[in-house]
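Fold and geometry: a report
For reference, the chains in residue letters:
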Amino acid sequence: QVQLVESGGGLVQAGTSLTLSCVVSGRTFNRYNLAWFRQAPGKERELVAASGGNTYYADSVKGRFTISRDNAKNTVYLQMNSLKQEDTGVYYCAGTAALNRDFRQLRNYDYWGQGTQVTVSS
């Protein structure tokens, strides 16, 4: 059984940085597409960044966020710099072993973490 466990969320001030971590267990980590999604109050869950054969970033985070993977630790990270209030939300780690799927689509992910709250204050 695949499990994803996020950590690293918190309350931070605008302009600062935060790094989220997601440990993946249960399967061969390096054969997964992995992504970070977020959901703000009253809004739909949206893709922030994804890592598969390529890397994808939402326009709103390009140049500020970086997704990276450490295969030895079965961990995917989201480095978030220059945080803005609009980055506030619950951040979810997601994964799929179906590498032929479009890794930018929420519906194509099979495994999800429980989420970690990120709150950016002014």
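To be clear, the structure that these remarks concern was listed above.
Just so you know, these numbers come straight off a predicted model, no measurement behind them.

Description of the overall build of the protein chain
Helices and strands together make up the secondary structure of the protein chain, namely 0 helices and 11 strands. Going from the N terminus to the C terminus, the protein chain shows its helices and strands as β-β-β-β-β-β-β-β-β-β-β. Its C-alpha atoms give the protein chain a radius of gyration of 13 Å, near enough to 14 Å, the size a compact globule of 122 residues would have. With the C-alpha coordinates aligned to their principal axes, the bounding extent of the protein chain is approximately 40 × 25 × 25 Å. Across the 122 residues of the protein chain, 41% fall into the buried class. The contacts in the protein chain between residues at least 6 apart in sequence include a share of 60% that link residues at least 24 apart. When the accessible surface of the protein chain is totalled, it reaches about 6,400 Å², and 43% of it is carbon and sulfur. Of the side chains in the protein chain, 13 bear a positive and 9 a negative charge, and the two mean positions are spaced by 4 Å.

Things to note about the nonpolar core
In terms of nonpolar packing, the biggest core is built from 26 residues, with L20, W36, V48, F65, L78, M80 and Y91 touching the most fellow members. Every element with two or more residues in this core is listed here: β3 (18–25), β4 (33–39), β5 (46–51), β7 (65–70), β8 (75–80), β9 (89–96) and β11 (116–121). Sequence-distant contacts of V48, defined by excluding residues within four places in its chain, comprise W36, F37, R38, Y56, Y57, A58, V61, F65, L78 and Y91. With 7 residues, the next largest nonpolar core counts F37, L47, A50 and F103 among its residues.

Quick notes on the environment of L83
Tracing the backbone shows L83 in the loop between β8 and β9. Once the C-alpha coordinates of L83 and S60 are considered, the two residues, 23 residues apart in sequence, prove to be 11 Å apart. The residues contacting L83, other than those within four sequence positions of it, are V12, A14, G15, T16, S17, L18, R64, F65 and V120.

Topic: the state of the cysteines
Taken as a whole and judged by the stated rule, the model has 1 disulfide. There is a disulfide in this structure between C22 and C93, and the S-S distance comes to 2.2 Å. Taking the sign of the S-S torsion, about -85° here, the bridge from C22 to C93 comes out left-handed. One end of the pair, C22, is in strand β3; the other, C93, is in strand β9, and 71 residues separate them in sequence. By the burial criterion, C22 is buried, and C93 matches it.

As for the packing of aromatic side chains
A ring pair, where both rings are aromatic, is described by two values, the distance of the centres and the angle of the planes. Under the counting rule described, the total for this entry stands at 4 aromatic pairs. Plain terms: the ring middles of Y109 and W112 are 6.4 Å apart, the flat faces sit at 65° to each other, and that makes the pair edge-to-face. According to the relative accessible area criterion, Y109 is buried, its value standing at 5%. An aromatic cluster of three or more residues is present, and its members are F37, Y109 and W112. Sitting over the ring of Y92, R45 keeps its end group 3.6 Å from the ring centre. Its guanidinium or amino end placed over the ring of W112, R45 lies 5.0 Å from that ring's centre, counting from NZ or CZ.

Rules used in this analysis
Residues numbered from 1 in each chain as written. Predicted model: local features only at pLDDT ≥ 70, side-chain atom pairs only at ≥ 80, totals over all residues. Heavy atoms only, no water. Helix = DSSP H or I, 4+ residues; strand = E, 2+ residues; numbered from the N terminus. Rg over C-alpha atoms; globule rule 2.2 N^0.38 Å. Buried < 20%, exposed > 50% of the residue type's maximum accessible area, 1.4 Å probe, protein only. Contact = heavy atoms within 4.5 Å. Areas by Shrake-Rupley, 256 points an atom, 1.4 Å probe, with all protein chains shown as cover. Lys, Arg positive; Asp, Glu negative; His and termini not counted. Charge placed at Lys NZ, Arg CZ, Asp CG, Glu CD. Core = buried A, V, L, I, M, F, W, Y, C linked by side-chain atoms within 4.5 Å. Disulfide = S-S within 2.5 Å. Phe/Tyr/Trp six-rings, centres within 6.5 Å; stacked < 30°, edge-to-face > 60°. Lys NZ or Arg CZ within 6 Å of the ring centre and 35° of its normal.

So, to be careful, I would describe these as geometric facts and stop short of saying anything about function.
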